[in-house]
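Understanding the architecture of this molecule
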Amino acid sequence: MTVKTAQARINLANIIESLLGYSVTKIASNGLSSSNEQSYGPQGRIKPLYHINSDNSILARAQKRQDLLLIKQQQNIEAILSMAMSFCPDVASSHRPDADWVEHFVALCEDTSNESMQTLWAKILTGETLNPGTFSIKSLQTLKHMTQREADSLQKCVSLSGYNEKDDSHFILLGFYKKPSLFDLLRKGNKVSLNLGRTGISFPDILTLMDLNLLYRKEIESAVLKAGQELTLSFLSQKVTLKAKSSDLVLSYYKFTQTGDELSKLINFPINKVYKQLINNALEGEFELAWHAIK
């Protein structure tokens, strides 16, 4: 047995003991090889080589496992609530979160042990306390089933997402094209696209958010912009105003769903610097771009 294999088995034994409250022990060898017929049970199954090291009844062992689970859940809840208190500013608030919403919140967050994920839960409770109705039960259910890797994908994509105040939504700008006229029907084939791969965002990251219903699956196009028409996007501490130099311009983007919009509010991440440069390079020919710091 290699050291690596031994370490894996030790790790597994530690996991089992943390779940059950009892250690796992190897059954004493009787000198028989695993291929000997006496190593098999009445139904032809191989007899286990390990057993739980306890003389307590199965009912007592089940109760202990349940107690350990309740303790862990209580620890998770208390950690999240304590974080929420530290995040909450000392400001006036005229309403309290709905009581049923709070019950759902506690039931859904209690199994979260990862500290980074606990931080997201704490921010949700703080946000809902400051402004009840900010986060839906659907968003809570989505977060419960998110892994840390999926949360990382959301963070990456948030660094590319601009907030459009007019329709209260986030989207990832992908590029634009000029709507073809009767005299130039092939113009759309010359679409200008932003290469998101250069920003460190992979297509699997995008697909992950689509699978979680945080991004709409289809690329969306804006209404046709007229010359002089403006669109302002906010990126945490910066915002950019795009002013069309000519008419018939159409922007394309990935739009966040309502759940995606809500969970995006939990992540304070500055705009991806490479993405900002891509926007400047791709749009400067047909748009006037003005970047401003958000105070």
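Once a new chain begins, its residue numbering starts again from 1 and follows that chain's sequence as written. Totals for whole chains, interfaces and linings use every residue, but because this is a predicted model, local features are given only for residues with pLDDT of at least 70 and side-chain atom pairs only at 80 or more, for both listing and counting. Heavy atoms from the whole structure form the basis of all side-chain values; hydrogens and water molecules are not counted.

With that settled, consider the nonpolar core. One finds Phe105, Ile124, Leu154, Ile172, Tyr275, Leu283 and Phe287 to be the most contacted residues of the largest nonpolar core, which totals 58 residues. Each helix corresponds to a stretch of at least 4 residues labelled H or I by DSSP, and each strand to a stretch of at least 2 residues labelled E; elements are numbered beginning at the N terminus. Residue contributions to this core peak at six residues, all from helix H4 (residues 115–130). Sequence-distant contacts of leucine 154, that is, excluding residues within four places in its chain, are made with Met146, Leu209, Leu214, Phe256, Leu263, Ser264 and Ile267. Here, the term nonpolar core denotes a set of buried Ala, Val, Leu, Ile, Met, Phe, Trp, Tyr and Cys residues that are joined through side-chain atoms within 4.5 Å. The buried label applies to any residue whose accessible area, calculated with a 1.4 Å probe on protein chains only, is under 20% of its type's maximum; exposed applies above 50%, and partly exposed to all values in between. Between two residues, a contact is recorded if the distance between any of their heavy atoms is within 4.5 Å.

So, on to the packing of helix H6 (residues 148–158) against helix H7 (residues 203–211). To get an axis, a line is fitted to the C-alpha atoms, and for a helix only the part in contact is used. The angle between two axes follows their N-to-C directions and goes from 0 to 180 degrees. Axis separation between H6 and H7 bottoms out at 9 Å; the angle between their running directions is 110°. Relative to H7, the element H6 is oriented roughly perpendicular. Facing H6, whose interface residues are Arg149, Glu150, Ser153, Leu154, Lys156 and Cys157, H7 presents Asp205, Ile206, Thr208 and Leu209. When residues are sorted by character, Ala, Val, Leu, Ile, Met, Phe, Trp, Tyr, Cys and Pro go into the nonpolar class, Asp, Glu, Lys and Arg into the charged class, and all the rest, Gly among them, into the polar class. Classifying every residue of the contact of H6 with H7 by side-chain character gives four nonpolar, two polar and four charged. Roughly parallel refers to an angle under 35 degrees, roughly antiparallel to one over 145, roughly perpendicular to one between 65 and 115, and oblique to any angle outside these ranges.

With respect to the helices and strands, the residue alanine 84 is situated in helix H2 (residues 58–87). Separated by 38 residues in sequence, alanine 84 and alanine 122 place their C-alpha atoms 4.4 Å apart.

Here we come to unusual backbone geometry. Non-glycine residue aspartate 168 carries a positive phi angle of around 50°. With respect to the helices and strands, aspartate 168 occurs in the loop between strand E3 (161–164) and strand E4 (169–178). You can call aspartate 168 partly exposed: its relative accessible area is 44%. We note that aspartate 248 has phi near 70°; this positive angle belongs to a residue other than glycine. Relative to the assigned elements, aspartate 248 resides in the loop between strand E8 (238–244) and strand E9 (249–255).

Here we come to the packing of aromatic side chains. Each aromatic ring pair is described using two quantities: the centre-to-centre distance and the angle formed by the ring planes. Any two of the Phe, Tyr and Trp rings considered here, Trp counted by its six-membered ring, make a pair once their centres fall within 6.5 Å; the pair's planes then place it as stacked at under 30 degrees, edge-to-face at over 60, or tilted in between. Under the defined criterion, the tally for this structure stands at five aromatic pairs. Relative to tryptophan 121, the ring of phenylalanine 105 lies with its centre 5.5 Å away and its plane at 75°, an arrangement referred to as edge-to-face. Note that phenylalanine 105 is positioned in helix H3 (residues 99–109) and tryptophan 121 in helix H4, a separation of 16 residues in sequence. Grouped by ring-pair contacts, the aromatic residues Trp101, Phe105 and Trp121 constitute a single cluster. Both a distance and an angle decide whether a charge sits over a ring: NZ of Lys or CZ of Arg must be within 6 Å of the ring centre and within 35 degrees of the ring normal. Against the face of tryptophan 291 rests lysine 276, its NZ or CZ located 4.7 Å from the ring centre.

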